[in-house]
Amino acid sequence: MTKIVGIQFRGAGKSYYFNPGGHTVPKGAGVIVETARGIEYGTCVQAETEVEDSKIVQPLRGIIRIATDQDRAILKSNAEKEKRASAICRQKIEKHGLEMKLIRSEYAFDGNKIMFFFTADGRVDFRQLVKDLASEFHTRIELRQVGVRDESRILGGIGICGKTFCCSTFLSEFSPVSIKMAKEQGLSLNPVKISGSCGRLMCCLSYEQEAYEELQESMPNIDAQVETPSGRGVVVDVSLLRGKVKVSLADQPDQPPKFFDKTEIKVLKRGCRRHENGGCKENGGCKENENAVF
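Right, let's walk through the structure included here. No experiment lies behind these values; they were computed from the predicted model shown.

1. Description of the sheet that holds strand β6 (residues 101-107)
Reasoning step 1: With mixed pairing, three strands are arranged side by side in an open sheet as β6-β7-β8. Across the chains shown, the open sheet's two edge strands, defined by having one partner strand only, are β6 and β8 (140-145). When the angles between neighbouring strand axes are averaged without regard to direction, this sheet yields 20°.
Reasoning step 2: Those strands touched by helix α1 (residues 69-96) are β6 and β7 (113-119), and its axis lies near 145° from that of β6.
Reasoning step 3: Sheet contacts for helix α2 (residues 127-137): β6, β7 and β8; angle to β8, the most-contacted strand, approximately 140°.

As structure tokens, this is what we get:
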């Protein structure tokens, strides 16, 4: 086991393990640490604890010191300089007619480098821009292209739920999200309703996906033939959260389908899960599972 503290940089994002090095670092305290990018100011998000050695990426860097008032003054000064750097960079981008959008500028804590984050549809030749910026600021310049999801994380905002973006508050990394998740959760497939401000599928679609998959395993498929207390029929819809199954009864073809609890039915022949998405209703319907027993 190894003693560590968890340090986070620039608000939301991934936290990194550091060696406390004899320092007592309470949660929420500012610290000065050495990183691959140089000396940085971070915030402790996990107080000293022990983790398995297998979870440590060696070498484990140490904490230099607990942040002082002078360090916090430098951090505040850098934030002011970043505003000026962003304004100048946007002017230079416009001057050179570059197809790129500046998202944020970021000073290294010790001031030996400025990083500019931007988005663009393709590759951008910014060599002359770097030269102009270097001559303006007399320090090392780094331009880094990011994706649209990173843009939302950096800029922040309010989602359609009325809350601050998950990516800019507590998400440490982006998880894969697919349209299949929206289908299995019975959500509208209208891109406007299931996409975030970044234009990609909302990260929150993945939060309950595991629960929906577990519920799906206990429910019959669409088009499954079932036995109900009212007779045999075919499943036309399922309500996963309520545990209800909507069945069209064979001996009541002119009546609307009825709802039954999943515990009240017995599956005689299972349907195909692709029926739910209309994937195998072509060419006379599904043949794959017509004789299979659920």
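Next comes the rest of the write-up.
2. Let's talk about the layout of surface pockets
Reasoning step 1: When its volume is computed, the largest pocket comes out at roughly 1,300 Å³.
Reasoning step 2: Along the walls of the largest pocket sit 45 residues, with Gln8, Phe9, Lys14, Tyr16 and Arg37 positioned nearest its centre.
Reasoning step 3: Only β2 (15-18), β3 (30-35), β4 (38-51), α1, β6 and α3 (148-155) provide two or more residues apiece to the lining of the largest pocket.
Reasoning step 4: Considered class by class, the residues forming the lining of the largest pocket number 20 nonpolar, eleven polar and 14 charged.
Reasoning step 5: Gly159, Phe165, Cys166, Met202 and Cys204 are, among the 23 residues lining the second largest pocket, the residues nearest its centre.
Reasoning step 6: Residue classes in the lining of the second largest pocket are distributed as 14 nonpolar, six polar and three charged.

3. Let's talk about the pairing of strand β11 (residues 244-249)
Reasoning step 1: Only one face of β11 is buried, namely the one carrying Val245, Val247 and Leu249, since none of Lys244, Lys246 and Ser248 on the opposite face is buried.
Reasoning step 2: The sheet contact formed by strand β10 (residues 231-239) and β11 spans six bridges and is antiparallel. Bridging across to β11, Val235 finds its partner in Val247.
Reasoning step 3: Linking β10 to β11, which pair antiparallel, is a turn of four residues; within it Gly243 sits at a positive phi near 70°.
Reasoning step 4: The pairing of β11 with strand β12 (residues 258-261) spans four bridges and is classified as antiparallel. Across the sheet, the residue bridging to Lys244 is Asp261, located in β12.

4. Overview of the packing of aromatic side chains
Reasoning step 1: One pass over the structure, following the stated rule, counts six aromatic pairs.
Reasoning step 2: Note on Phe116 and Phe137: the rings are 6.4 Å apart at their centroids and 40° apart in plane angle, and the pair reads as tilted. With a gap of 21 residues between them, Phe116 in strand β7 and Phe137 in helix α2 connect regions that are remote in the sequence.
Reasoning step 3: For Phe116, a relative accessible area of 1% gives the class buried.
Reasoning step 4: Assessed through its relative accessible area of 11%, Phe137 is described here as buried.
Reasoning step 5: With a centroid separation of 6.4 Å and 45° between ring planes, the pair formed by Phe170 and Tyr207 is classed as tilted. Remark: Tyr207 occurs in the loop between α5 (191-194) and α6 (209-217) and Phe170 occurs in the loop between α3 and α4 (179-184); sequence separation between them is 37 residues.
Reasoning step 6: Looking at Tyr207, the relative accessible area reads 40%, which means it is partly exposed.

5. Details of the side chain of Thr35
Reasoning step 1: Mapped onto the fold, Thr35 is located in strand β3.
Reasoning step 2: A polar contact of 3.1 Å, which involves the side chain of Thr35, links it to the backbone nitrogen of Arg37.
Reasoning step 3: Not counting the four nearest positions on each side in its chain, Thr35 is found in contact with Phe9, Phe18, Glu40 and Arg61.

6. Overview of the nonpolar core
Reasoning step 1: By size, the foremost hydrophobic cluster in this structure holds 18 residues, and its most contacted members are Met100, Phe116, Leu133, Phe137 and Leu143.
Reasoning step 2: Elements with a contribution of two residues or more to this core: α1, β6, β7, α2 and β8.
Reasoning step 3: Of the residues forming this core, the biggest block, four residues, is contributed by α1.
Reasoning step 4: Not counting the four nearest positions on each side in its chain, Leu143 is found in contact with Met100, Phe116, Phe118, Phe126, Leu129, Val130 and Leu133.
Reasoning step 5: Ranked by size, the runner-up nonpolar core spans 14 residues in total, among them Met219, Ile222, Val226 and Ile265.

7. As for the state of the cysteines
Reasoning step 1: Across all of its chains, the model carries zero disulfides by this definition.
Reasoning step 2: Cys203 takes part in no disulfide bond, and the closest cysteine sulfur to it belongs to Cys167, at a distance of 6.0 Å.
Reasoning step 3: The buried category is assigned to Cys203, whose relative accessible area is 17%.

Criteria and thresholds
- Residues numbered from 1 in each chain as written.
- Predicted model: local features only at pLDDT ≥ 70, side-chain atom pairs only at ≥ 80, totals over all residues.
- Heavy atoms only, no water.
- Pairing = 2+ DSSP bridges.
- Helix = DSSP H or I, 4+ residues; strand = E, 2+ residues; numbered from the N terminus.
- Axes fitted to C-alpha atoms, helices over the stretch in contact; angles between N-to-C directions.
- Contact = heavy atoms within 4.5 Å.
- 1 Å grid on protein atoms, 1.4 Å probe; cavity = no way out; pocket = protein on both sides within 12 Å on 5 of 7 lines; lining within 4 Å.
- Points joined across faces, edges and corners; volume = space filled by probe spheres on them.
- Nonpolar A, V, L, I, M, F, W, Y, C, P; charged D, E, K, R; others polar.
- Buried < 20%, exposed > 50% of the residue type's maximum accessible area, 1.4 Å probe, protein only.
- Phe/Tyr/Trp six-rings, centres within 6.5 Å; stacked < 30°, edge-to-face > 60°.
- Polar contact = N/O pair within 3.5 Å; in protein donor to acceptor, adjacent residues only side chain to side chain.
- Core = buried A, V, L, I, M, F, W, Y, C linked by side-chain atoms within 4.5 Å.
- Disulfide = S-S within 2.5 Å.

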